[in-house]
Amino acid sequence: MRIGEICSRDVVTCKANASALDLARLMRDQHVGTVIVVNDSDGQDVPVGIVTDRDLVIQVLATGVQPDAVTAGDMMKPVCTVLESEVVYDAIWAMRRAGARRMPVVDGTNALFGIVSVDDLSQFLAEELTELSRISPQQRRTESDLFAPTAR
């Protein structure tokens, strides 16, 4: 399965000049813990960074910095992306290499397509395992039907 089929298409974004206060309000209002920082490139949003609620706590709240004095550009981590056409297992490896729990998904032009999280991947893998677990019972039914004595 391609990552574009399981990623979330609803991505909360901001520009690099958004203040930490703006980010905190955006996260609260949108009920998310991650915002993707984007630049505009030919009318497309291109991901350039990522800011999490943890970043806000560690870099702003815990240091006593005024939230309107720090921008998303100051706090963002560089972002690794995965192509929407890649298979799920390649995305898992990319996230593992990057040490990322969430990763922006981009199309072939590097425009933002969606976001994939560890939760999305866990749900997909759980569904795959459920389907795998259905093989043995079905095999037994097939064998029973195939080799059942016929009444005469």
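Position numbers for residues count from 1 along each chain, tracking the sequence in the order it is written. Reporting in this predicted model follows two pLDDT cut-offs: at least 70 for local features of residues, and 80 or more for side-chain atom pairs to be given and counted; totals over whole chains, interfaces and linings ignore these cut-offs and use all residues. As a convention, hydrogens and water are excluded, and side-chain values are obtained from all of the structure's heavy atoms.

**Q** Provide a residue-level description of helix H4 (residues 88-98), including the pertinent values.
**A** What H4 keeps buried is the set Val 88, Ala 91, Ala 94 and Met 95. One side of H4 holds all its buried residues, which, seen down the axis, span an arc of 115 degrees. Residues of H4 that are exposed and angled more than 90 degrees away from the buried face: Arg 96 and Arg 97. A positive backbone phi angle near 65 degrees is found at Gly 99, which sits one or two residues after H4. The classification of residues rests on relative accessible area computed with a 1.4 Å probe and restricted to protein chains. Under 20% of the type maximum is buried, over 50% is exposed, and intermediate values are partly exposed. Helix numbers and strand numbers start at the N terminus; a helix is a DSSP run of H or I with at least 4 residues, a strand a run of E with at least 2. Within this analysis, the arc is defined by the directions that extend from the helix axis to the C-beta atoms.

**Q** Which residues make up the environment of Arg 54, and what values go with them?
**A** Residue position: Arg 54 is located in helix H2 (residues 53-61). Arg 54 gets classed as exposed once you look at its relative accessible area, which sits at 58%. Measuring from C-alpha to C-alpha, the distance between Arg 54 and Gly 33 comes to 8.0 Å, with 21 residues separating the pair along the chain.

**Q** Any details on the pattern of salt bridges? Residues and values, ideally.
**A** Take a side-chain nitrogen of Lys or Arg and a carboxyl oxygen of Asp or Glu: if they are within 4 Å of each other, that pair is a salt bridge. This structure, assessed with the given rule, holds three salt bridges. Taking the shortest distance from any N to any O, the salt bridge between Lys 15 and Asp 45 comes out at 3.8 Å. Of this pair, Lys 15 sits in the loop between strand S1 (13-14) and helix H1 (20-30) while Asp 45 sits in strand S3 (residues 44-52); the two residues are 30 residues apart in sequence, bridging distant segments of the chain. The exposure class of Lys 15 is partly exposed, given its relative accessible area of 37%. In this structure, Asp 29 engages Arg 28 in a salt bridge whose closest nitrogen and oxygen atoms are separated by 3.0 Å. According to the relative accessible area criterion, Arg 28 is exposed, its value standing at 54%.

**Q** Please provide a residue-by-residue account of a nonpolar patch on the surface, values included.
**A** Patch definition: residues with relative accessible area over 30% and no salt bridge; like charges joined within 9 Å; nonpolar side chains (Val, Leu, Ile, Met, Phe, Trp, Tyr) joined within 5 Å. Note on areas: Shrake-Rupley, 1.4 Å probe, and residue coverage restricted to the protein chains presented here. The grouping of Val 57, Ile 58 and Leu 61 at the surface amounts to a nonpolar patch, some 290 Å² of accessible area in total. You can see Ile 58 is positioned in helix H2. Relative accessible area serves as the criterion here: at 41%, Ile 58 is assigned to the partly exposed category.

**Q** How would you explain the pairing of S3 if you had to name every residue and give the values?
**A** When DSSP finds at least two bridges between two strands, those strands are taken to pair. As paired elements, strand S2 (residues 34-41) and S3 share eight bridges and run antiparallel to each other. Residue pairing across strands places Val 35 opposite Val 51, the latter belonging to S3. In this antiparallel pair of consecutive strands, S2 and S3, the connection spans two residues, and Asp 42 shows a positive phi of 55 degrees. When S3 meets strand S4 (residues 77-78), the two strands line up antiparallel, connected through two bridges. Paired with Ile 50 across the two strands is Lys 77, which belongs to S4.

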